[in-house]
Amino acid sequence: MRGLVLLAALVAAAAGTETFVGHQVLRIIPTSDEELQKVQELQDLEELQLDFWLAPRGLGHPVDVRVPFPSLQPLKAHLEANGVSYSIMIEDVQELLDQEQMEMLRGRRQMPITTNTFNYASYHSLDEIYTFMDLLVAENPNLVSKLEIGRSTENRPLYVLKFSKGGTNRPAVWIDTGIHSREWVTQASGVWFAKQIVLDHENDKDLASVLDKMDIFLEIVTNPDGFAFTQTQNRMWRKTRSKQSGSICVGVDPNRNWDAGFGGSGASGNPCSETYHGPYANSEPEVKAIVDFVKNHGNIKAFVSIHSYSQLLLYPYGYTRTPVPDQKELHEVSAKAVAALSSLYGTNYKYGSIITTIYQASGGTIDWTYNQGIKYSFTFELRDTGRYGFLLPAKQIVPTAQETWLALKVLMLHARDHLN
Amino acid sequence: MLNRSGPKTQPWGTPLLTGHQSDLTPFTTTLWAQPSNHFFTQRSVCPSKPRAASFGRRMLWETLSKALLKPSHQSISSACPLPPLRLSTPALPENAGSCLATVLYRRTKSSPVVNIKCMHTKDQKQVQEEDNRLYQKIRHQTKPIIGNNIPDSYGHIEPALEPAWALAVTGSSYMMWEKSTESLGYFLAQVKSVKQWVNDFIEFDYTVLLHEVPTQEIISCHMRLTWLPGHPLKVKYFCASENQGLEDGSGMESGSAAGILHGKGANF
């Protein structure tokens with residue numbers, strides 16, 4: 001009941017017709033007939049403009065009344081003079097309304113209590129994604145754990161989720177999303193993948209067979225500084241947020257900062273450029289953290305770095321036209337993965353090496369990982385092909401993640417079937 | 001038919017006009033969709049259909065009004081048989097026709113030669129009527145259209161702003177055509193602001209953000225767009241020569257952004 005009235009008040013307030021500044025809500029519990037009568041008489045005092053949220057019902061039943069500011073003094077004096085005790089339930093009605101309005105606006109982004117109430121079909125803040133990770137781990141402690149592999153330039157933790165059914169240092173698949181912060185559908189898809197692994201790890205025979213032999217590492221927000229920046233300052237931010245000496249410009253392109261053809265054609269030496277490779281390879285802590293992780297782990301068999309947009313599946317190289325030795329196999333696996341992806345909604349993907357399919361790019365992630373011996377190194381460019389680009393409508397998040405997951409499973413299965 | 005030298009570029013938005021305006025007059029009031037729009041490619045995704053030649057793109061044309069009367073552009077639909085687990089599929093936007101464009105870059109520095117062939121699937125009279133309806137709809141609004149961030153960060157477009165957005169897509173495509181080279185391509189990243197001028201025309205001032213590839217830069221452009229049904233769309237624009245600085249993309253402060261629109265007008 002109170003909720004309804006409060007809502008009505010909120011609506012009225014929002015419509016600008018009334019304000020409740022200084023109004024209080026008093027609670028009176030009549031414990032005698034005299035008290036009850038006195039309270040009932042109050043209802044007749046129209047000039048006080050009292051608003052009974054809970055009308056007098058009988059002895060022992062609370063009476064709640066909203067009292068406009070001008071009537072507070074006279075009413076309280078009246079009650080005290082008649083020995084009717086009261087308590088102040090709400091000190092300032094307007095304050096409460098303001099608070100509730102704020103919460104209502106924040107409503108759809110409210111912190112979920114479980115990963116089942118999390119809204120996968122919307123974009124989330126960094127905090128919400130980090131909360132999601134903790135929830136997922138808490139709900140599935142036997143499958144999921146969270147690792148911190150380093151810290152960003154602005155000292156944000158770099159978290160990786162590990163999905164494992166046991167063993168020690170099993171061969172592993174690595175997936176990262178959000179290395180370029182403006183590519184929001186990728187972080188959102190990463191969140192979906194995490195949940196999907198948990199949902200399917202027993203009943204999906206393909207996934208189960210992968211997890212029987214391999215671990216999956218998933219870094220959802222690979223560039224958290226950039227991501228925070230896209231939320232607060234500039235939706236189109238791509239790079240990291242590191243300061244560059246000798247320049248007022250900020251940030252390094254994390255997909256030009258790897259030690260593979262570093263500094264060559266396909267990256268810029270200008271700190272103000274969106275493809276600035278940085279002062280030296282692995283200068284960015286976000287990149288260095290992954291490099292260290294991969295080297296220390298020593299047993300990563302498949303590495304997938306996810307971007308948007310363009311609808312492409314790419315394998316190395318980007319920095320040189322020389323084909324990789326495993327070109328034929330990678331091309332065939334890509335064909336299968338793309339076919340699986342398309343099978344769901346008919347989304348059209350092209351595939352091939354980076355340099356022949358998209359453009360020359362040096363210092364890229366999967367060129368480095370391939371040269372480390374991780375044969376199955378792939379990059380995705382997710383939806384769309386330019387209509388919305390980076391600003392992909394939220395309702396496309398789940399379909400994008402669903403179809404991409406089918407392709408990922410093809411890649412993971414292939415890696416699993418070719419372990420040696 | 002088509003010769004591209006230099007590094008292979010990815011299939012981003014590329015010039016789609018002939019050099020001859022007369023070829024375009026029948027279509028001056030229509031809006032064309034971005035090439036390879038994913039839900040348009042639904043049409044050609046059935047395995048049996050051959051893909052168009054590598055550079056000729058299938059182009060699907062829409063009237064402006066059709067773009068707006070359609071409830072949702074985010075819908076996905078396909079004519080192919082698909083696995084049973086599917087989302088519900090609202091209808092595809094209707095098209096006024098489809099076009100195939102070829103772009104020939106020659107080794108000399110001149111602009112590319114573009115040839116375009118279109119097939120109408122819609123009656124031109126019907127197209128005209130739809131355009132007129134759109135015109136009336138915009139003109140009879142009580143307040144001039146003003147908006148920011150279209151789509152917003154979450155990809156959402158206010159329904160009331162869809163007409164202005166659709167016009168921006170059209171006008172921007174002209175800008176992008178002019179700016180594109182063999183090694184530089186563009187997409188419309190976002191309409192940063194729109195402001196309507198109230199007069200007999202449909203006239204808008206826009207700030208649009210273009211996504212440039214492969215540089216990945218975000219270029220800010222100011223665009224003045226004028227439209228009357230039955231007349232060519234007029235576009236005047238001015239793009240910042242460097243990044244605007246902290247506002248868009250990662251560039252530094254630029255002094256060149258001050259913008260009086262000049263020159264670069266076009267009727268199409």
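Rules used throughout
- Residues numbered from 1 in each chain as written.
- Chains lettered and ligands numbered in written order.
- Predicted model: local features only at pLDDT ≥ 70, side-chain atom pairs only at ≥ 80, totals over all residues.
- Heavy atoms only, no water.
- UniProt positions renumbered as here; feature names shortened; annotations may be inferred.
- Pairing = 2+ DSSP bridges.
- Helix = DSSP H or I, 4+ residues; strand = E, 2+ residues; numbered from the N terminus.
- Axes fitted to C-alpha atoms, helices over the stretch in contact; angles between N-to-C directions.
- Contact = heavy atoms within 4.5 Å.
- Phe/Tyr/Trp six-rings, centres within 6.5 Å; stacked < 30°, edge-to-face > 60°.
- Buried < 20%, exposed > 50% of the residue type's maximum accessible area, 1.4 Å probe, protein only.
- Lys NZ or Arg CZ within 6 Å of the ring centre and 35° of its normal.
- Salt bridge = Lys/Arg side-chain N within 4 Å of Asp/Glu carboxyl O.
- Parallel < 35°, antiparallel > 145°, perpendicular 65-115°, else oblique.
- Nonpolar A, V, L, I, M, F, W, Y, C, P; charged D, E, K, R; others polar.
- 1 Å grid on protein atoms, 1.4 Å probe; cavity = no way out; pocket = protein on both sides within 12 Å on 5 of 7 lines; lining within 4 Å.
- Points joined across faces, edges and corners; volume = space filled by probe spheres on them.

You'll find chain B entered in an unreviewed UniProt entry as Retinoic acid receptor responder 1, with Otus sunia given as the organism.

Where an unreviewed UniProt entry is consulted, chain A appears under the name Carboxypeptidase A1, with the organism given as Otus sunia. UniProt annotates chain A under Cofactor (unreviewed entry) with the comment "Zn(2+)". Quoted straight from UniProt, the Catalytic activity (unreviewed entry) entry for chain A says "Release of a C-terminal amino acid, but little or no action with -Asp, -Glu, -Arg, -Lys or -Pro."

A.B. asks: Account for the sheet that holds strand β11 (residues 350-353) of chain A, with residues named and values stated.
C.D. replies: All names here are of chain A. Taken in spatial order, the eight strands line up as β5-β6-β8-β7-β9-β12-β10-β11 in an open sheet, and their pairing is mixed. Two strands lie at the open edges of the sheet, namely β5 (144-151) and β11, each paired on one side alone. Ignoring strand direction, the axes of neighbouring strands in this sheet form an average angle of 20°. Strands in contact with helix α6 (residues 184-200) are β5, β6 (157-163), β7 (172-177), β8 (215-219), β9 (300-308) and β12 (376-382); relative to β9, the strand with the most contacts, it is inclined by about 135°.

A.B. asks: Tell me what's going on with the packing of aromatic side chains, and back it up with residues and numbers.
C.D. replies: Considering all chains together, one arrives at 24 aromatic pairs over all chains under this definition. With 5.7 Å between their ring centres and 40° between their planes, Trp258(A) and Trp368(A) make a pair best called tilted. One end of the pair, Trp258(A), is in the loop between α8 (224-232) and α9 (285-297); the other, Trp368(A), is in helix α12 (residues 365-371), with 110 residues separating them in the sequence. This pair shows no difference in class: Trp258(A) is buried, exactly as Trp368(A) is. Summarising the aromatic geometry, the rings of Tyr317(A) and Tyr319(A) are spaced 5.1 Å apart at their centres and angled 65° between planes, so their arrangement reads as edge-to-face. For Tyr317(A), a relative accessible area of 10% translates into the label buried. Overall, the relative accessible area of 26% leaves Tyr319(A) in the partly exposed class. Among the aromatic residues, ring-to-ring pairing joins Tyr123(A), Trp184(A), Phe227(A) and Tyr154(B) into one connected group. The positively charged end of Lys146(A) is found above the aromatic ring belonging to Tyr159(A), 3.7 Å away from the centroid. Positioned over the ring face of Phe229(A) is Arg241(A), at 3.6 Å from the centre of the ring.

A.B. asks: Let's hear about the pattern of salt bridges: which residues, and what values?
C.D. replies: Residue and element names in this part refer to chain A. For the structure shown, the criterion picks out 21 salt bridges over all chains. The shortest N-O distance in the salt bridge between aspartate 64 and arginine 27 comes to 2.7 Å. With a gap of 37 residues between them, aspartate 64 in strand β3 (residues 63-67) and arginine 27 in strand β1 (residues 24-28) connect regions that are remote in the sequence. Looking at arginine 27, the relative accessible area reads 26%, which means it is partly exposed.

A.B. asks: If you had to explain the packing of helix α5 (residues 126-139) of chain A against α6(A) to someone new, which residues and values would you point to?
C.D. replies: Residues and elements named next belong to chain A. Between α5 and α6, the least distance of the axes is 11 Å, while the angle of their chain directions is 5°. When the axis of α5 is compared with that of α6, the two are roughly parallel. Contacts from Ile129, Phe132, Leu136 and Glu139 in α5 reach Gln187, Val191, Ala194, Lys195 and Val198 in α6. Residues belonging to the contact of α5 with α6 are distributed by class as follows: six nonpolar, one polar and two charged.

A.B. asks: Lay out empty space enclosed by the protein in plain terms, naming residues and giving numbers.
C.D. replies: A full pass over the atoms with the stated rule returns seven cavities of 30 Å³ or more. Volume-wise, the largest cavity comes out at about 310 Å³. Lining of the largest cavity is provided by 27 residues; of these, Asn255(A), His307(A), Ile358(A), Tyr359(A) and Glu381(A) occupy positions nearest its centre. At the level of secondary structure, the elements contributing two or more residues to the lining of the largest cavity comprise β9, α12 and β12 of chain A together with β7 (202-213) of chain B.

A.B. asks: Please provide a residue-by-residue account of unusual backbone geometry, values included.
C.D. replies: Glycine aside, the phi torsion of most residues is negative, and most peptide linkages are trans. Here the residue pair Ser308(A) and Tyr309(A) is connected by a cis peptide bond, since its omega of 0° sits within 30 degrees of zero. Relative to the helices and strands, Tyr309(A) resides in the loop between β9 and β10 (312-315). Of the consecutive residues Ile150(B) and Pro151(B), the connecting peptide bond is found in the cis state with omega at -10°. Structurally, Pro151(B) is set in the loop between β5 (146-150) and α3 (162-179). For Ser310(A), which is not glycine, the phi torsion reads 150° and is therefore positive.

A.B. asks: An account of the sheet that holds β1(A) is requested, with residue identities and associated values reported.
C.D. replies: Residues and elements named next belong to chain A. Ordered in space as β2-β3-β1-β4, the four strands form an open sheet in which the pairing is antiparallel. Across the chains shown, the open sheet's two edge strands, defined by having one partner strand only, are β2 (51-54) and β4 (86-90). Averaged over all pairs of adjacent strands, the angle between strand axes in this sheet comes to 30°, irrespective of strand direction. Where β1 lies against β4, four bridges are found, and the strand directions are antiparallel. Note that in β4 the partner of arginine 27 across the bridge is serine 87. This element, helix α3 (residues 69-81), spans β1, β3 and β4 of the sheet and lies at about 20° to β1.

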